[in-house]
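So the chains spell out like this:
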Amino acid sequence: MRKIEIKTGPKLEDYQAYSSLRGTVDSFLETVPQYVEKLKGKTIWMINSTATGGGVAEMVPSQMRIMRAMGVSIEWMVIETDDVEFFNITKRIHNAIHGSGDGKFSESDRDPYERVNRHNLQQALDVIQDGDVVVIHDPQPMPLAGMLKKHRDVRCVWRCHIGLDESNEVTRAVWSFLQPYFGDYDHFVFSLQEYVLPEISGRTALIPPAIDPLSHKNRMLQMHKCLSILVQAGLIESREPRLYNAYKHQVRRVMPDGSFGQVNHPDDFQLIYRPIITEISRWDRLKGFKQLMEAFVYMKETNARRTDKDALDYKRIHMSRLVLGGPDPLFVTDDPEGAEVLKELIEYYQSLDGEIQKDIALMLLPLDNPKENALIVNALQRYSVIVVQNSIQEGFGLTATEAMWKRTPVLVSGAAGLKFQVNHGETGSINPDPTDIPRLAAAMEYMLSHQKELDKWGFNAQTRVVERFTLFSQIESWLRLLSAV
Ligand code: UDP
């Protein structure tokens with residue numbers, strides 16, 4: 001177990017300076033002190049499986065900063081292991097909660113699952129005191145609560161970031177595998193009502209994930225700054241060599257021969273003046289990257305057969321490019337499937353003809369440098385004409401909220417979390433079935449050729465995020481819950 005230190009960042013008054021955020025911050029400041037008072041003398045421990053990549057690592061630092069500014073004692077710890085068997089079983093649990101996989105779990109799976117948690121226990125006991133509150137995120141550290149409670153008088157909350165809005169054989173199997181750990185938890189937190197299990201519904205709160213509008217991932221970037229980040233990342237060509245020299249952490253990119261290259265002067269892939277369609281996620285089959293690439297190819301091929309080559313929408317589609325971004329597998333420790341999924345995508349990319357290859361970029365983002373990663377994601381989301389989240393399943397897609405905050409039009413699948421975040425035709429577009437390639441292609445085509453509508457969706461989307469999905473309402477819900485467990 002490793003304690004993660006967080007960097008300094010925006011202060012409460014920085015948020016209050018924004019009139020659209022002021023109302024939420026003011027009501028936060030009015031309500032929250034009563035909860036903070038009840039938490040006096042206790043430390044809140046956030047525990048998860050990774051300090052970089054994914055929604056949990058994205059949200060925890062901002063939550064901690066704001067809570068600390070309010071006087072709450074809060075710390076973050078990450079379980080450590082290089083046990084492949086552990087991550088295999090936890091990834092199968094993760095997929096099964098989304099209804100995917102064979103749903104076969106046996107008692108022998110508990111061995112690596114509990115073994116790694118047991119190895120991490122001592123470090124937790126070294127710092128966690130009686131009376132503290134422990135929030136365990138997602139399935140990886142789930143068995144820890146019972147182990148901790150044998151030695152410490154603590155309250156434990158399980159925060160599940162994933163879920164499926166229906167139950168099937170696979171979800172029933174995984175929940176029955178996890179059932180023995182439920183009794184060790186005082187409370188549960190899910191993102192949506194649909195994910196709540198009936199047997200624990202009396203002990204459950206709903207807290208949807210939220211973004212920090214002033215973090216490096218979401219703060220405003222002036223256009224020149226945005227372009228310079230993309231140049232430095234090797235995504236846009238520049239005639240100014242000093243811009244390249246300023247670049248610290250080169251983004252690696254998949255080259256046409258399937259190797260990972262570092263592009264200094266990417267004359268084969270200039271995004272500038274191009275409408276780019278982007279999806280940024282972990283390399284996970286459930287993120288629907290492959291289907292998105294197929295739909296993009298389908299759209300391009302259909303467009304190439306058109307005879308009205310002077311039409312504006314023909315040109316927009318012809319010019320468009322697809323950027324798929326995800327963590328460089330060099331820096332991912334908790335997801336054994338990531339490298340495999342990336343390999344499948346590279347194989348598909350290599351099977352495409354050279355012209356189409358030039359229109360697609362597979363980018364490996366520098367997760368080892370969180371600030372750099374955040375700024376590149378920020379710039380890409382701002383620069384994109386459409387941000388897609390084509391998830392087969394999604395508990396809640398933070399990426400969609402991030403793009404909505406930036407007023408970038410989103411195209412999402414009908415996965416439960418995304419349906420909750422986006423209103424079709426109002427704050428974005430929903431393509432119900434992420435595996436229906438022609439419909440997904442048609443949805444992209446529609447968006448590329450209806451700019452006015454997109455502007456409206458982007459504007460509405462930002463308002464929706466301000467009203468519902470900024471970190472203040474989220475932290476208020478957390479503090480209310482933590483002070484009561
Ligand atoms: N992300 C990132 N770099 C990457 C891939 C993802 O910073 O290469 C971030 C993304 O911007 C978002 C989070 O990781 O903040 C993913 O959260 P989401 O809820 O979309 O999906 P999860 O990974 O939790 O399933």
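Sequence positions are assigned chain by chain, starting from 1 and proceeding in written order. Note on the predicted model: pLDDT of at least 70 is required for a residue's local features to be given, and 80 or more for side-chain atom pairs to be given and counted; whole-chain, interface and lining totals, by contrast, use all residues. Side-chain measures were taken over the full set of non-hydrogen atoms in the model, leaving aside hydrogen atoms and water.

Asker: So what's going on with the overall build of the chain? Residues and values would help.
Answerer: On a plain count of helices and strands, the chain comes out with 19 helices and 15 strands. Each radius of gyration is computed over the set of C-alpha atoms, and the globule rule expresses the reference value as 2.2 Å times the number of residues to the power 0.38. Against the compact-globule benchmark of 23 Å for 485 residues, the chain has a radius of gyration of 22 Å, which places it among compact chains. Reported as C-alpha extents along the three principal axes, the dimensions of the chain are approximately 70 × 55 × 45 Å. A total of 485 residues make up the chain; the buried ones form 58% of that total. A 1.4 Å probe and the Shrake-Rupley method give the accessible areas. Residues count as covered only by the protein chains that appear here. Here the chain displays about 19900 Å² of accessible surface, and carbon together with sulfur accounts for 49% of that area. This count recognises Lys and Arg as positive and Asp and Glu as negative, with His and chain-terminal groups excluded. A single reference atom marks each charge: NZ on Lys, CZ on Arg, CG on Asp, CD on Glu. If the 56 positive side-chain charges of the chain are averaged to one point and the 64 negative ones to another, these points end up 4 Å apart. Under the scheme used here, helices are H or I runs from DSSP no shorter than 4 residues and strands are E runs no shorter than 2 residues, and both carry numbers assigned from the N terminus. In this scheme, a residue with accessible area under 20% of its type's maximum is buried, one over 50% is exposed, and one in between is partly exposed, where area comes from a 1.4 Å probe on protein chains only.

Asker: Can you tell me about the packing of aromatic side chains, naming the residues and giving the values?
Answerer: We describe a pair of aromatic rings using the distance from one ring centre to the other and the angle between the two ring planes. Ring pairs shown here join Phe, Tyr and Trp side chains whose ring centres sit within 6.5 Å, with only the six-membered ring taken for Trp; geometry is labelled stacked below 30 degrees between planes, edge-to-face above 60, and tilted in between. Tallied over the full model, the rule gives 16 aromatic pairs. Counted as over-ring charges are cases with an Arg CZ or a Lys NZ within 6 Å of the ring centre that also lie within 35 degrees of the ring normal. Above the ring of phenylalanine 177, the side-chain terminus of arginine 110 is found at 4.2 Å from the ring centroid. Against the face of tyrosine 348 rests lysine 290, its NZ or CZ located 5.2 Å from the ring centre.

Asker: Any details on the confidence of the model for the chain? Residues and values, ideally.
Answerer: Known as pLDDT, the predictor's confidence for each residue is given on a scale from 0 to 100. Taken residue by residue, the chain gives an average pLDDT of 92. The fraction at 70 or more is 94%. Both confidence scores are given for the complex: pTM 0.93, ipTM 0.99.

Asker: Explain the sheet that holds strand 4 (residues 133-137) to me, and be specific about the residues and the numbers.
Answerer: Two strands qualify as a pair provided DSSP detects at least 2 bridges between them. Ordered in space as 1-3-2-4-5-6-7, the seven strands form an open sheet in which the pairing is mixed. Strands at the two margins of the open sheet, each flanked by one partner only, are strand 1 (2-3) and strand 7 (204-206). As paired elements, strand 4 and strand 5 (residues 155-159) share five bridges and run parallel to each other. Its bridge partner lying in strand 5, valine 134 is registered against cysteine 156. In the packing of helix 3 (residues 54-69) onto the sheet, contacts are made with strand 2 (43-48), strand 3 (73-78) and strand 4, and the angle to strand 3 comes to roughly 160°. The strands that helix 19 (residues 471-482) touches are strand 2, strand 4, strand 5, strand 6 (187-190) and strand 7; relative to strand 5, the one it contacts most, it runs at about 145°. Whether two residues touch is decided by their heavy atoms; if any such pair falls within 4.5 Å, the residues are in contact. Angles here are taken between N-to-C directions and fall from 0 to 180 degrees, while the axes themselves are lines fitted to C-alpha atoms, restricted in helices to the stretch in contact.

Asker: Break down the UniProt feature "domain: Glycosyl transferase family" (unreviewed entry) in the chain for me, citing the residues and quoting the values.
Answerer: UniProt positions are given in the numbering used here, feature names are shortened, and annotations may be inferred rather than shown by experiment. When the UniProt feature table is mapped onto this chain numbering, "domain: Glycosyl transferase family" (unreviewed entry) sits at residues 379-463. Helix makes up 52% of residues 379-463 and strand 13%, with an end-to-end C-alpha separation of 20 Å.

Asker: So what's going on with the site of the ligand? Which residues, and what values?
Answerer: As a structural note, the neighbourhood of the ligand is formed by 20 residues, with Lys217, Arg282, Lys287, Asn373 and Glu402 the closest of them. Whenever a nitrogen or oxygen atom comes within 3.5 Å of another N or O atom, the pair is scored as a polar contact, on the condition that within protein one atom can donate a hydrogen and the other can accept it, and that pairs from neighbouring residues in sequence are kept only if both atoms are in side chains. Separating an oxygen atom of the ligand from a backbone N or O atom of glycine 54 is a distance of 3.4 Å. Here lysine 217 contributes a side-chain N or O atom positioned 2.9 Å from an oxygen atom of the ligand. Computed on the free molecule, the ligand has an accessible area of 540 Å², of which 92% lies beneath the protein chains in the complex. Every element with two or more residues in the shell around the ligand is listed here: helix 3, strand 11 (321-327), helix 14 (370-383) and helix 15 (398-405). Each domain span listed reflects an automatic or database assignment of domains. Each of domain 1 (2-210 + 470-484) and domain 2 (223-468) contributes no fewer than three residues to the shell around the ligand. Residues are counted as near a molecule or strand when any one of their heavy atoms sits within 4 Å of it.

Asker: Please give an account of the pairing of strand 4 that cites residues and values.
Answerer: The buried count for strand 4 comes to five of five residues, which makes it a mostly enclosed element. Residues of strand 4 alternate between two faces, with Val133, Val135 and His137 on one and Val134 and Ile136 on the opposite face, all of them buried. Inspection of the sheet shows strand 2 paired to strand 4 by four bridges, in the parallel sense. Looking across to strand 4, one finds that isoleucine 47 is bridged to isoleucine 136.

Asker: Describe the pairing of strand 12 (residues 360-365), listing the residues and the values that go with them.
Answerer: Buried residues dominate strand 12, accounting for six of its six residues. As paired elements, strand 8 (residues 252-254) and strand 12 share two bridges and run antiparallel to each other. Paired with arginine 252 across the strands is leucine 364, a residue of strand 12. Of the pairings in the sheet, the one linking strand 11 to strand 12 comprises six bridges and is parallel in character. In the sheet register, leucine 324 faces strand 12, and the bridge partner there is leucine 362.

Asker: Now, about the UniProt feature "domain: Trehalose synthase N-terminal" (unreviewed entry) in the chain: what can you tell me, with residues and values included?
Answerer: The UniProt record marks residues 46-196 with the feature "domain: Trehalose synthase N-terminal" (unreviewed entry), using the residue numbering of this structure. Along residues 46-196 the backbone is 45% helical and 15% strand, and the end-to-end C-alpha distance reaches 21 Å.

Asker: Can you explain the pattern of salt bridges? Please cite residues and give values.
Answerer: Oppositely charged side chains can pair when the atoms bearing their charge come close. Put simply, a salt bridge is a Lys or Arg side-chain nitrogen that is within 4 Å of an Asp or Glu carboxyl oxygen. One pass over the full model with this rule turns up 28 salt bridges. Via salt bridges that share partners, Asp83, Glu85, Asp111 and Arg115 belong to a single interconnected network.

Asker: So, unusual backbone geometry: which residues are in play, and what are the values?
Answerer: In this structure, aspartate 138 is a non-glycine residue whose phi angle is positive, near 65°. Residue placement: aspartate 138 occurs in the loop between strand 4 and helix 6 (144-149).

Asker: Tell me about the domain arrangement of the chain, residues and numbers included.
Answerer: Its domain assignment divides the chain into domain 1 (2-210 + 470-484) and domain 2 (223-468). Taken over C-alpha atoms, the centre of domain 1 sits 29 Å from the centre of domain 2. The partner domain 2 presents 24 residues to the 31 residues of domain 1 that form the contact. Buried area: the accessible area, evaluated with a 1.4 Å probe, that two parts lose upon being put together, summed over both parts. Across the interface of domain 1 and domain 2, roughly 2200 Å² is buried in total on both sides, 60% from carbon and sulfur atoms. Here aspartate 284 ties to lysine 91 by a salt bridge, and the two come within 2.9 Å at their closest N and O atoms. Counting across the interface, domain 1 meets domain 2 through six residue pairs in polar contact (both at pLDDT 80 or more). Residue assignment for the side of domain 1 that touches domain 2 shows that the elements contributing at least two residues are helix 2 (19-38), helix 3 and helix 4 (84-97). Take the side of domain 1 that touches domain 2: its biggest share by element is five residues, from helix 4. Ten residues, namely Ala, Val, Leu, Ile, Met, Phe, Trp, Tyr, Cys and Pro, are considered nonpolar, four, namely Asp, Glu, Lys and Arg, are considered charged, and the remaining ones, Gly among them, are considered polar. Its residues assigned to classes, the side of domain 1 that touches domain 2 comprises nine nonpolar, 19 polar and three charged.

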